[in-house]
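These are the residues of each chain, in order.
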Amino acid sequence: MPNQRIMAVTAALALAAATAGCAGPEAAERVGQGRTPPPIETSAPVAPSDTPSGTPVPGPRLSPGNPRVLVSDLEVPWAIAFLPDGDALVTERNSARIVRVNAEGRVSEVGAVEGVVPRGEGGLMGIAVSPDFERDHFVFVYFTAQDDNRIVRYRYQDGLSDPKVILSGIPSGGIHNGGRIAFGPDGYLYAGTGETGQSGLAQDRESLGGKILRMTMDGEAPPGNPFGDSLVWTYGHRNVQGLAWDESGTMYATEFGQNTYDEINRIEKGHNYGWPEVEGIGGDDRYTDPLLTWSTDEASPSGLAYAGGSLWVAALRGTRLWQVPVADGEVRGPRGLWQGEYGRLRSVTPTPDGRALWVGTSNRDGRGSPAESDDRILLVPLT
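Reading guide: rules and limits
- In this convention, every chain numbers its residues from 1, walking through the sequence in written order.
- For this predicted model, a pLDDT threshold of at least 70 governs which residues receive local features, and a threshold of 80 or more governs which side-chain atom pairs are given and counted, while totals over whole chains, interfaces and linings are taken from all residues.
- Based on all heavy atoms of the structure, the side-chain values leave hydrogens and waters out of the count.
- The salt bridge criterion pairs a side-chain nitrogen of Lys or Arg with a carboxyl oxygen of Asp or Glu, the two atoms within 4 Å.
- Helical segments are the DSSP runs of H or I of at least four residues, strand segments are the runs of E of at least two, and each set is numbered from the N terminus.
- Working definition: with a 1.4 Å probe on protein chains only, accessible area under 20% of the residue-type maximum means buried, over 50% means exposed, and in between means partly exposed.
- Whether two strands pair comes down to DSSP finding at least two bridges between them.
- Each axis is a line fitted through C-alpha atoms, taken for helices only over the stretch in contact, and angles between the N-to-C directions span 0 to 180 degrees.
- For this analysis, a polar contact is any N or O atom pair within 3.5 Å, provided that within protein one partner can donate a hydrogen and the other can accept it, and provided that sequence-adjacent residues contribute only side-chain to side-chain pairs.

Draft legend 1. The arrangement of the pattern of salt bridges in detail. In total, this model carries 17 salt bridges according to the counting rule given. Between Arg 97 and Glu 109 there is a salt bridge, with the nearest N and O atoms lying 3.1 Å from each other. With a gap of twelve residues between them, Arg 97 in strand β6 (residues 97-101) and Glu 109 in strand β7 (residues 107-112) connect regions that are remote in the sequence. For Asp 218, the salt bridge identified is with Lys 164, shortest N-O distance 3.6 Å. Of this pair, Asp 218 sits in the loop between β14 (211-215) and β15 (232-235) while Lys 164 sits in strand β11 (residues 160-170), and the two are 54 residues apart along the sequence. One continuous salt-bridge network, built from bridges that share partners, spans Asp 85, Asp 87 and Arg 100.

Written out as structure tokens, the structure is:
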């Protein structure tokens, strides 16, 4: 990471003062609020539109249009994954259901995932579709079971069948369960986990908590993992709920901070991201600094997507969608969209053609203020 640190925006541009906010971000994740929030900051050169200094990067190629409600009356939609035909599979955290949604917003139930034990921030969370789905029909889910978090592979063809636990023993708790899974451009499955409030797990490479994991479809360590036959790809994370790659293959992740800084990290094989020794930019060569930070009341960043030259971040406590232009692994000044209009945002996924985003709200998760039609999936065109 470059050592130079430049403030990404002035106080006015950072939108640091106000958030619409629902009561608390992710219960017990924030302690000691009430001081003036810090401005957005990055560890890489940036060039906001009103600041001529820094090393410019190209602006976004696509801009968002006005959202429209595609689906209403869901129960805490946590993750969205598209099938090859353009329909999407959506998980509901508390009901343990997977539903299928088509481009017109028609919803049909796929089935309930057995063994899910919703509690606190846990339940049915991430979902990923095999990159070779048309041949193998594999779908993967990440969920909280009785004693752990785990990843289970299903065959999805006229319903769910042939469940196989490919990974168990991921620490679980009332908070910080991670939960996002996604296939990388290398064809391997990645998982973001949390340290369940036990911060020491993040630095313990023998633990699966507070990590980004990389595995085969059978849950084995693939060639190239940095620590031998371990699934650990990176460590020193607090709670990772967003994973994305740009067209060059650069990987990014969102991470919840504690009192001061939420983060976007550029993920590099084998790196230590510092938690609990560092929150935000630490300037310590032992740890990799984040690419960008927010104050905790601006974000609580969950889902992450890349499309049209930008990273897109679903903010829970921040109640907005963040657009973060990115090029060559560097960012420029982010902007918050539709603050407070749709409440807490949990998931964001680009459509297969990259010309729209599906964004899921999370207002029925016990910390929001649900509207009559919540929870919803919004369709955001990119033009």
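Draft legend 2. Just the pairing of strand β22 (residues 320-327), in detail. Of all eight residues in β22, eight are buried; the element is thus mostly enclosed. Covered by surrounding structure in β22 are Arg 320, Trp 322, Val 324 and Val 326 together with Leu 321, Gln 323, Pro 325 and Ala 327, the residues of both alternating faces. Bridging between strand β21 (residues 310-315) and β22 involves six bridges; their strand directions are antiparallel. In the strand pairing of β22, Ala 314 is matched with Leu 321. Taken together, β21 and the strand that follows it, β22, pair antiparallel across an intervening segment of four residues, in which Thr 319 is found at a positive phi of about 45 degrees. As judged from the three bridges shared by β22 and strand β24 (residues 335-337), these two strands associate in the antiparallel manner. What sits directly across from Leu 321, in β24, is Leu 337. In this structure, β22 lies alongside strand β23 (residues 330-331), joined through two bridges in antiparallel fashion. Counted as the bridge partner of Val 326 is Val 331 from β23.

Draft legend 3. Here's a closer look at the sheet that holds strand β26 (residues 356-361). The strand order across the open sheet built from four strands is β3-β27-β26-β25, with neighbouring strands paired in antiparallel fashion. Of all strands in the sheet, those with a lone pairing partner are β3 (68-71) and β25 (345-350), marking the two edges. Ignoring strand direction, the axes of neighbouring strands in this sheet form an average angle of 30 degrees. Examined bridge by bridge, β25 and β26 share five bridges and lie antiparallel to one another. Looking at β26, one finds that Pro 350 is bridged to Leu 357.

Draft legend 4. Seen up close, the side chain of Gln 241. Along the polypeptide, Gln 241 turns up in strand β16 (residues 240-245). Exposure remark for Gln 241: the relative accessible area of 2% places this residue in the buried category. Within the local environment of Gln 241, its side chain forms a polar contact with the side chain of Arg 346, the two groups lying 3.0 Å apart.

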